[in-house]
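# Fold and geometry: a report
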Amino acid sequence: MNPDTPWQAGRLDAAPGPQRLLFGQMYEDAEIERETFRGLGRIFCIASAGDTAMLLSQEHEVLACDINPVQLAYARRHANGAPRETGDADRAMRFLRSFAPLTGWTKQRLERFLGLSDPAEQLQFWRDQLDTARFRAGFNLILSRPMLRVMYSQQFLLALPPHFGSILRGRFEKGIARHPNAANPYIHAHLLGIPIESPKPVATDIEFAAGDAASVLETCAPGSFAGFTLSNILDGAAQSYRHRLIRAIRRAATSNAVVVLRSFAEPANSGDTNDAERDRSMLWGVLDIRSVNSL
Ligand SMILES: C[S@@+](CC[C@H](N)C(=O)[O-])C[C@H]1O[C@@H](n2cnc3c(N)ncnc32)[C@H](O)[C@@H]1O
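Residues numbered from 1 in each chain as written. Predicted model: local features only at pLDDT ≥ 70, side-chain atom pairs only at ≥ 80, totals over all residues. Heavy atoms only, no water.

## Let's talk about the packing of aromatic side chains
Tallying each qualifying case throughout the model produces 15 aromatic pairs. Ring geometry for Phe44 against Phe228: centres 6.1 Å apart, planes inclined by 45 degrees, an arrangement best described as tilted. Of this pair, Phe44 sits in strand E1 (residues 43-46) while Phe228 sits in strand E4 (residues 225-229), and the two are 184 residues apart along the sequence. An identical accessibility class is assigned to Phe44 and Phe228; each is buried. Connected via pairs of aromatic rings, a cluster forms that spans Trp105, Phe113, Phe125, Trp126, Phe135, Phe139 and Phe172. (Phe/Tyr/Trp six-rings, centres within 6.5 Å; stacked < 30°, edge-to-face > 60°. Helix = DSSP H or I, 4+ residues; strand = E, 2+ residues; numbered from the N terminus. Buried < 20%, exposed > 50% of the residue type's maximum accessible area, 1.4 Å probe, protein only.)

## Description of the state of the cysteines
Counted according to the given criterion, the structure contains 0 disulfides. Take Cys65: it sits in no disulfide, and the sulfur closest to it among the cysteines is that of Cys45, at 8.4 Å. The closest cysteine sulfur to the non-disulfide-bonded Cys220 is located on Cys65, 8.7 Å from its own sulfur. (Disulfide = S-S within 2.5 Å.)

## Concerning the layout of surface pockets
Counted as a void, the second largest pocket has a volume near 610 Å³. Every residue lining the second largest pocket is counted, 28 residues in all, and those nearest its centre are Leu234, Arg242, Leu261, Val286 and Asp288. Put simply, the parts of the chain that give the lining of the second largest pocket at least two residues each are helix H13 (239-252), strand E5 (253-263) and strand E6 (286-291). In terms of residue count, H13 provides more of the lining of the second largest pocket than any other element does, 5 residues in total. For the lining of the second largest pocket, the class distribution of residues is 15 nonpolar, 6 polar and 7 charged. (1 Å grid on protein atoms, 1.4 Å probe; cavity = no way out; pocket = protein on both sides within 12 Å on 5 of 7 lines; lining within 4 Å. Points joined across faces, edges and corners; volume = space filled by probe spheres on them. Nonpolar A, V, L, I, M, F, W, Y, C, P; charged D, E, K, R; others polar.)

## What to know about the site of the ligand
In the vicinity of the ligand there are 20 residues, among which Tyr27, Glu28, Ser48, Asp66 and Ala213 approach most closely. Note that a nitrogen atom of the ligand is positioned 3.1 Å from one of the backbone N or O atoms of Ile67. (Near = heavy atom within 4 Å. Polar contact = N/O pair within 3.5 Å; in protein donor to acceptor, adjacent residues only side chain to side chain.)

## Concerning the pattern of salt bridges
One pass over the structure, following the stated rule, counts 23 salt bridges. Connected through salt bridges with shared partners, the residues Glu28, Glu33, Arg262 and Asp279 form a single ionic network. (Salt bridge = Lys/Arg side-chain N within 4 Å of Asp/Glu carboxyl O.)

## Describing the nonpolar core
Ranked by size, the top nonpolar core spans 26 residues in total, and within it Phe44, Leu217, Phe228, Leu230 and Leu245 carry the most contacts. For this core, the secondary-structure elements that each account for two or more residues are E1, strand E2 (62-66), helix H12 (213-218), E4, H13 and E5. The leading source of residues in this core is H13, at 5 residues. Not counting the four nearest positions on each side in its chain, Leu245 is found in contact with Ala213, Ala214, Leu217, Leu230, Ile233 and Leu234. Leu114, Leu157, Ile176 and Met282 belong to the second-largest nonpolar core, a separate cluster that totals 25 residues. (Core = buried A, V, L, I, M, F, W, Y, C linked by side-chain atoms within 4.5 Å. Contact = heavy atoms within 4.5 Å.)

## Things to note about the domain arrangement of the chain
In terms of domains, the chain is made up of domain 1 (19-84 + 200-294) and domain 2 (99-192). Opposite the 20 residues of domain 1 that make contact, domain 2 presents 21 residues. For the interface between domain 1 and domain 2, the tally reads 2 salt bridges. Residue Lys174 pairs with Glu277 through a salt bridge whose shortest N-O separation is 3.9 Å. Counting across the domain 1 and domain 2 interface gives 9 residue pairs in polar contact (both at pLDDT 80 or more). Its residues placed into classes, the side of domain 1 that touches domain 2 shows 8 nonpolar, 4 polar and 8 charged. (Domains from an automatic or database assignment.)

Structure representation (C-alpha cells):
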C-alpha cells in the first residue's frame, strides 16, 4: 500500500525529480533515546542520517528504516565510518545562518555565548545581546510561510504551526534557560554550523531496511521490538497513515515496549506527555515518550 506522506518524495520541495540526501546529521537529541531505552531489547528507529541508530547500537540491536533510499544509503555509509555529507536540510540551516551578521550576531559574540555553562547567565546574554528586535524581525520574516514556500512543499508547511519563527524563538529561549551551551553540540551546530560529532556505532548491530516504517514493521515478526523511535515522520502524513503505523507498531511491539515520537507541531493539549524541552536541539514542539499500550 502506498504510504500517504510527503516524505515519500525524498525531497523537501514540491519539484518533481529524484530523491535527495536531506539530512547529513540529525537534529534530534538521541541521548534521550539512550536513557529511555536503557535495559530494553531490540530497537526500531528511523535511519535519517544514522546518528540515533549509531548511538543506540552501542547498547541494543537496531533496525533502522528509511522511506528515502538515498538517505538510507547515506546512513549505512555513515555507520560504516564514512564522513558526514551535507543534505538539503543542512543547506537550509546554513542559508539561515548566512543572515546572522545582518542582525548584529558576530562570530565573536556567538563564541562568547556558546562558551557559557550557566543557564541563567545564558538567558541574560540571549535577551540582552542576541534576541534583538532586528533578529526577531529577520527570523520571523525568513520563517514566514511565503518565504518557506520557496523551499518546502505545501504538505510540510501545513505541519508547521502558524508564526513558526516566533514559536521557534520561544523554544530556543526555553532550551537556553535549561541546557548549558558549552556542552550542547546542537546549539553549536545551529549558531556556528559546527558539525555534531558522529556517535561511535557498533555497525554490525544495525540492520538497515528500505521502505516506510509501517510497511517495514508489517513484515517483522510480532513482538520483535522493545523500543521504537520514529523521528517526526508523522509531520505532514495523512491520518490514515498514522492509524496504519500505530497498528503496525502494536503488532511488532513487546508488551512493555516504549515509543518515542517528535513533532514540529505545538502540543495539542497540556495533558499530553511532552518532553520536548529535554531535547537539546531545541527545535521540537512535541517529544512524546509513551508505552505502546497507551498508543
Ligand atoms: C522525518 S525526517 C526528519 C529529520 C529528523 N528530524 C532529523 O533530525 O534527522 C527523518 C527521516 O525520516 C524519513 N521518513 C519520513 N517518513 C518516513 C516513513 N513513513 N517511514 C520511514 N522513514 C520515513 C525521511 O526520509 C528522513 O530521512
